[in-house]
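Now for the letters of each chain:
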Amino acid sequence: MRGAVWVAVAASVGNLLQGWDNATIAGAVLYIKREFNLDSEPALEGLIVAMSLIGATLVTTCSGAIADWLGRRPMLIISSVFYFVSGIVMLWSPNVYVLLLARFLDGLGVGLAVTLVPLYISETAPPEIRGTLNTLPQFTGSGGMFISYCMVFGMSLMESPSWRLMLGVLSVPSLVYFVLMIFFLPESPRWLVSKGRMHEAKKVLQKLCGREDVSGEMALLVEGLAVGGEASLEEYIIGLPNDQMDDQDISNEKDQIKLYGTEQGLSWVARPISGQSAVGLVSRHGSMASQNVPLIDPLVTLFGSVHEKLPEGGSMRSMLFPHFGSMFSIGGNQPRNEEWDVESVAREGEEYQSDAGGGDSDDNLQSPLISRQATSLDRDLVPPAHGSAFSMRHGSLVQGAGEAAGSTGIGGGWQLAWKWSDKEGPDGKKEGEFKRIYLHPEAVPGTRRGSMFSIHGGEGPMNGEFIQAAALVSQPALYPKELLEQHPIGPSWKDLFEPGVKHALVVGVGIQILQQFSGINGVLYYTPQILEQAGVGVLLLNLGISSASASLLISALTTLLMLPSIAVAMRLMDIAGRRSLLLGTIPILIASLIILVLSSIISMGSIVHAVISTISVVLYFCFFVMGFGPIPNILCAEIFPTRVRGLCIAICALAFWIGDIIVTYSLPVMLKSVGLAGVFGMYAVVCLISWGFVFMKVPETKGMPLEVITEFFSVGAKQAAATRNN
């Protein structure tokens, strides 16, 4: 876990440079205007500031597809190069046109960092702290702004401040960023797996996890390659197989199936709960149709039911899965369970061949992905015509019997398993196939003396430990030849039309647009005026500080207010959750904006007006950076499948930048037409709409592996479509 934290910190330096640049140009433009006599050319002045925004918008249009093609790390390296080159060119800038070119190059670096850093952190962070680590870019961005404002303020106190030096200093931290990207930052393991580079992915995971055995994580990442597909929600009673069961064919037991884990020799016996429909997962906590709230998205109810059912104690972790832990466990290596069947050990040399029929290389998708314990069930089953990707021997992606085993969980209380299902082939012969299962324990733990009969009317006893678990069952991505034929390597535009991806795009694009229209730019624009009315400007002028320097110091103080609030958000992101933080903080934004509207239209003393306005602005800033600031980027980095994650995040980022441009350039016009009270009133209405959008459309994703999130989006979208059709 420590490796994942340091990697996230290194990647977040890109956002520090973005904040640094935003603050620096705000101070430097005051001196650029004087040198180039831009008072009579406001359009050119605005273009100097906006060129970075234009560059960021343009690069965003292609950054996602290129990141899915070349990888996340190369694009972040290119971002650091753009930052460095732009800093050098701005330091030189002999005229305004060269400065415009430098600002455009800077925008290319900003666009790549803002788009890809959240994506990279999401793909490398453990589910339990993914929200915390993905709030780091917000923290480092605000920290960069504060440092830059302080630097520019110090330079402004010089006799002849140099705007070239102010802007050119960017090349120094960007060089540090470049070194970190080259020598410290590994490629995303999920991207490596998507390209079939299994050996490299395994080494990266070992570095991030801090342990040797990452077979479970590798299997999970491969399972995340599929987009869409048939899936169902089921519920099982799961127990450890006893000695008698190991020696018999459990397929003869009524309604009893065997589940295989990601480690060799790890298996469980399960029985589906009778009387449950395919949506039994949510049946006891609200229907998919959400009868009580007709407009709420069924997907929100589906995700919510998972978090409601999280057990508080006596769960799978302690009972059935002794090595159960997070995807990136700090606990170190666990001893492997050696109590396998003698029969299975004798059969180590036997295996099912992969569909591709290739060798056992780690560098392609033809490698065996997991091993499983051989039982009499395997002998009685007829293998598929081309075999299975499940390997009986100690494959290169799984540790041998003499090595230590890591945790078997995939993070957030989830467990990855497979089951063997019989089906009838086209020729009428009996065939078999594996089904992937994401298991999640429910808050109905069994006891050592319990039996399957004791819960929900199960038939027949299954003595020993057992647990009730929700199961998300779907087709596995463990048939390499079929996978590569159906989904060629690289981003595919047709995947954007898969129901789950379309549903996620609505959530991602919607929340990015609403964030931009929620008023942050207007409040930032108005803050120096508010604080000056509060007497801060007069106080600084009395201290001998010029008006330009006073404006920079006020901006630095404003930015400083954000840092403690972001730190609180980092703490709460994986405890309260994304959805809860949004629903809790947006009402404060609405109240703050309404107070600003009232203070603008109601006559009151200047001191009272300044105090009320200052408190409102401070509250707005603090609660914005706790919720609406970081969460849209966090969500967008979590809700898309691996194969199209870069492409989809680029679409969401493009919506962000377009909204930013519209709001920035419409603000002066709106101030003239409807006044300050009208502008803040509009922002308050947008925040109200945003709260409704979050309540009805945005699910809670805290603590869930990315692959499980995308699978739930697929299932939820299809269930929602079925509900509408009915």
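These figures come from a predicted structure and were not determined experimentally. (Residues numbered from 1 in each chain as written. Predicted model: local features only at pLDDT ≥ 70, side-chain atom pairs only at ≥ 80, totals over all residues. Heavy atoms only, no water.)

Turning next to the overall build of the protein chain. For the protein chain, the count of helices and strands is 27 helices and seven strands. A burial count over the protein chain gives 60% of its 726 residues as buried. When the accessible surface of the protein chain is summed, it comes to about 27600 Å², and 63% of that surface belongs to carbon and sulfur atoms. (Helix = DSSP H or I, 4+ residues; strand = E, 2+ residues; numbered from the N terminus. Buried < 20%, exposed > 50% of the residue type's maximum accessible area, 1.4 Å probe, protein only. Areas by Shrake-Rupley, 256 points an atom, 1.4 Å probe, with all protein chains shown as cover.)

Right, let's talk about the packing of aromatic side chains for a bit. Taken as a whole and assessed by the stated rule, the structure comprises twelve aromatic pairs. Ring geometry for Tyr 620 versus Phe 624: centroids 5.9 Å apart, planes at 15°, classification stacked. One end of the pair is Tyr 620 and the other is Phe 624, both in helix 24 (residues 606-626) and four residues apart, which spans about a single turn. Measuring from ring centre to ring centre gives 6.3 Å for Phe 624 and Phe 628, while their planes differ by 45°; the resulting arrangement is tilted. One aromatic cluster in this structure is built from Phe 303, Trp 414, Phe 712 and Phe 713. Lying across the ring of Phe 184, Lys 207 places its NZ or CZ 5.1 Å from the centre. (Phe/Tyr/Trp six-rings, centres within 6.5 Å; stacked < 30°, edge-to-face > 60°. Lys NZ or Arg CZ within 6 Å of the ring centre and 35° of its normal.)

Our next topic: the environment of Pro 173. Following the sequence through the fold, Pro 173 ends up in helix 9 (residues 171-183). Given the relative accessible area of 14%, Pro 173 is considered buried. The residues touching Pro 173, leaving out its near neighbours within four places in the chain, are Leu 17 and Trp 20. (Contact = heavy atoms within 4.5 Å.)

Time to look at the pairing of strand 7 (residues 466-474). Of all the nine residues making up strand 7, nine are buried; the element is thus mostly covered by neighbouring parts of the structure. Burial along strand 7 is two-sided: Phe 466, Gln 468, Ala 470, Leu 472 and Ser 474 facing one way and Ile 467, Ala 469, Ala 471 and Val 473 facing the other are all buried. The pairing of strand 1 (residues 231-239) with strand 7 spans nine bridges and is antiparallel. Opposite Leu 233, over in strand 7, you have Leu 472 as the bridge partner. (Pairing = 2+ DSSP bridges.)

Tallied over the entire structure, the rule returns 18 salt bridges. Salt-bridge contacts for Lys 697 lead to Asp 297; the nearest nitrogen and oxygen are separated by 3.6 Å. Placement of the pair is Lys 697 in helix 26 (residues 645-697) and Asp 297 in the loop between helix 14 (280-283) and helix 15 (298-308), with a sequence separation of 400 residues. The exposure class of Lys 697 is partly exposed, given its relative accessible area of 30%. (Salt bridge = Lys/Arg side-chain N within 4 Å of Asp/Glu carboxyl O.)

Moving on: the side chain of Arg 436. Checked against the element boundaries, Arg 436 lands in strand 6 (residues 430-441). Look at Arg 436 and you get buried, because its relative accessible area is 1%. Side chain to side chain, Arg 436 and Glu 711 meet in a polar contact 3.0 Å long. Excluding residues that lie within four positions of it along the chain, Arg 436 makes contacts with Glu 223, Leu 416, Ala 417, Trp 418, Leu 472, Val 473, Ser 474, Gln 475, Pro 476, Ala 477 and Glu 711. (Polar contact = N/O pair within 3.5 Å; in protein donor to acceptor, adjacent residues only side chain to side chain.)

All right, on to the nonpolar core then. With 163 residues, the main nonpolar core has Ile 32, Leu 593, Phe 640 and Phe 712 as its most contacted residues. Sorting elements by how many residues they give to this core places helix 26 first, with 18 residues. Tyr 236, Ile 467, Ala 469 and Val 473 belong to the second largest nonpolar core, which has 14 residues in total. (Core = buried A, V, L, I, M, F, W, Y, C linked by side-chain atoms within 4.5 Å.)

Right, let's talk about helix 24 for a bit. The end-to-end C-alpha separation of helix 24 is 30 Å, in line with the 30 Å expected for 21 residues at 1.5 Å each. Those residues of helix 24 that sit buried are His 609, Ala 610, Ser 613, Thr 614, Ser 616, Val 617, Tyr 620, Phe 621, Cys 622, Phe 624, Val 625 and Met 626. (Expected span 1.5 Å × (residues − 1).)

Axis separation between helix 2 (residues 13-36) and helix 3 (residues 42-70) bottoms out at 11 Å; the angle between their running directions is 160°. With respect to their mutual orientation, helix 2 and helix 3 come out roughly antiparallel. Handedness of the crossing formed by helix 2 with helix 3: right-handed. Contacts between helix 2 and helix 3 involve Asp 21, Ile 25, Val 29, Ile 32 and Lys 33 from the former and Glu 45, Ile 48, Val 49 and Ser 52 from the latter. Residue composition of the contact of helix 2 with helix 3, grouped by class: five nonpolar, one polar and three charged. (Axes fitted to C-alpha atoms, helices over the stretch in contact; angles between N-to-C directions. Parallel < 35°, antiparallel > 145°, perpendicular 65-115°, else oblique. Left-handed = near helix turned anticlockwise from the far one by under 90°. Nonpolar A, V, L, I, M, F, W, Y, C, P; charged D, E, K, R; others polar.)

The subject of this paragraph is a nonpolar patch on the surface. Together, Ile 594, Ile 595, Leu 598, Ile 601, Ile 602, Met 604, Val 608 and Ile 612 line one region of the surface with nonpolar side chains, adding up to about 640 Å² of accessible area. Elements with a minimum of two residues in the nonpolar patch: helix 23 (578-601) and helix 24. Take the nonpolar patch: its biggest share by element is four residues, from helix 23. When you line up the elements, Ile 602 lands in the loop between helix 23 and helix 24. (Patch = residues over 30% accessible without salt bridge, like charges linked within 9 Å, V, L, I, M, F, W, Y side chains within 5 Å.)

Okay, unusual backbone geometry next. Residues other than glycine seldom take positive phi values, yet Asn 37 does so here, at roughly 50°. Note on placement: Asn 37 falls in the loop between helix 2 and helix 3. Judged by relative accessible area, Asn 37 falls into the exposed class, the value being 55%.

In this model, the protein chain carries an average pLDDT of 77, and 73% of its residues clear a pLDDT of 70 or more. Per-residue pLDDT stays below 50 along residues 243-252; that stretch engages in 17 contacts with residues further than four places along the chain or on separate chains. Low confidence marks residues 444-463, where pLDDT is under 50. Its contacts with residues over four positions away, or in another chain, come to 48 contacts. (pLDDT = per-residue confidence, 0-100.)

Let us look at the side chain of Ser 93. Mapping Ser 93 onto the fold places it in the loop between helix 4 (72-92) and helix 5 (96-124). Setting aside anything within four residues of it in sequence, one finds Ser 93 in contact with Val 98, Leu 99, Trp 163 and Arg 164.

Moving on: the pairing of strand 1. On any regular strand, side chains alternate: one points to one face of the sheet, the next to the other face. Bridge count for strand 1 against strand 3 (residues 267-272) is four bridges, and the pairing is antiparallel. Counted as the bridge partner of Ile 238 is Ala 270 from strand 3.

Okay, the environment of Ser 156 next. Along the chain, Ser 156 turns up in helix 7 (residues 136-156). Residue classification places Ser 156 among the buried residues on the basis of a relative accessible area of 8%. The sequence separation of Ser 156 and Met 166 amounts to ten residues, and the corresponding C-alpha distance is 9.5 Å. The contact partners of Ser 156, leaving out residues within four places of it in the chain, are Tyr 31, Pro 161, Met 166, Ser 549 and Leu 552. A polar atom in the side chain of Ser 156 sits 2.5 Å from the backbone oxygen of Phe 153.

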